[in-house]
Amino acid sequence: MGPRLSLEEKRKRMMEIFHESQEPYLLKELERIGPKQKGIVSQSVKDVVQSLVDDGMCHCEKIGSSNFFWSFPSEVAVKRANKRAELEKELAQMQAKNKELTDSIGEALLGREQTDERANLLEELSETETSFKEQQVELQNFKECDPVLMNQKREEAQTARDAANRWTDNIFIMQSWVRDKFNMDMDQFNKHFEIPSDFDNV
């Protein structure tokens, strides 16, 4: 038996399953694949997948009576790029505030002894510097969004688009088979399986 995996490690390995195959899965398929390919205990697969859905890292859509789960690398890259831009903006604001507080402390020290104003400014400066350092650490986690890697991300986006279109084609094939086999009208088929009228390749 392999080492016991933490929840974060299970989440990471589950994302690898999605990104390596770039295909949608049923939960029962993930419960079969997880232990075999990534060492994730089948009983924990449902909770791991749900945590990814809750964090917006994995999609869940109901088609007919079944729930399908998927996550494409390009989507994660876009979210990380947006998060990095947000952190950089916050970081710039922190730096500006840090400078403002430093200048204020310098003015407060001119010809003055220790005062309540100076003590408050020093406390606020310390809190800002701590927050600034935390933002810098978090920003390091988004290095993969560096512009140097954007070409690779674009290629991954195309691969993800191709995979989505393959899945769309499969649904069209299923529609034709049901229509010919059961003489079912396409509008009835789409309504039954909750397929939107504008469903098409991307």
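- As named in an unreviewed UniProt entry, the chain is Meiotic nuclear division protein 1, taken from Coemansia reversa.
- The heading Sequence similarities (unreviewed entry) in the UniProt record of the chain holds the text "Belongs to the MND1 family."

1. Points about the overall build of the chain
No. 1: Per the secondary structure count, the chain includes 7 helices and 3 strands.
No. 2: Ordering the α and β elements of the chain from the N terminus gives α-β-α-α-β-β-α-α-α-α.
No. 3: Counting every position in the chain, which comprises 202 residues, the buried fraction comes to 30%.
No. 4: Taking contacts inside the chain between residues at least 6 apart in sequence as the whole, the part at least 24 apart equals 65%.
No. 5: When the accessible area of the chain is evaluated, it comes to approximately 13,700 Å², of which 50% is carbon and sulfur surface.

2. Observations regarding the packing of aromatic side chains
No. 1: Under the criterion given, the structure shown has 1 aromatic pair.
No. 2: A centroid spacing of 6.1 Å and a plane angle of 55° characterise the contact between F18 and Y25, whose relative ring orientation is tilted. Comparing F18 with Y25, the two get one shared label, buried.

3. A word on the nonpolar core
No. 1: One finds M14, F18 and L30 to be the most contacted residues of the largest nonpolar core, which totals 14 residues.
No. 2: Put simply, the parts of the chain that give this core at least two residues each are α1 (7-21), α2 (27-38) and α3 (42-54).
No. 3: Residue contacts for F18: discarding those within four places in its chain leaves E23, Y25, L30, C58, F69, W70 and S71.

4. Brief notes about α1
No. 1: Helix length check: α1, at 15 residues, gives a terminal C-alpha distance of 22 Å against a target of 21 Å (1.5 Å per residue), a fit within 8%.
No. 2: Where α1 terminates, the next one or two residues include Q22, which has phi positive at roughly 55°.

5. Considerations on the side chain of S71
No. 1: Following the sequence through the fold, S71 ends up in the loop between β3 (66-70) and α4 (73-109).
No. 2: Exposure remark for S71: the relative accessible area of 1% places this residue in the buried category.
No. 3: Separated by 3.2 Å, the side chains of S71 and H19 make a polar contact.
No. 4: For S71, the side chain forms a polar contact with the main-chain oxygen of M57, separated by 2.9 Å.

Here is what the cut-offs are and how they apply
Residues numbered from 1 in each chain as written. Predicted model: local features only at pLDDT ≥ 70, side-chain atom pairs only at ≥ 80, totals over all residues. Heavy atoms only, no water. UniProt positions renumbered as here; feature names shortened; annotations may be inferred. Helix = DSSP H or I, 4+ residues; strand = E, 2+ residues; numbered from the N terminus. Buried < 20%, exposed > 50% of the residue type's maximum accessible area, 1.4 Å probe, protein only. Contact = heavy atoms within 4.5 Å. Areas by Shrake-Rupley, 256 points an atom, 1.4 Å probe, with all protein chains shown as cover. Phe/Tyr/Trp six-rings, centres within 6.5 Å; stacked < 30°, edge-to-face > 60°. Core = buried A, V, L, I, M, F, W, Y, C linked by side-chain atoms within 4.5 Å. Expected span 1.5 Å × (residues − 1). Polar contact = N/O pair within 3.5 Å; in protein donor to acceptor, adjacent residues only side chain to side chain.

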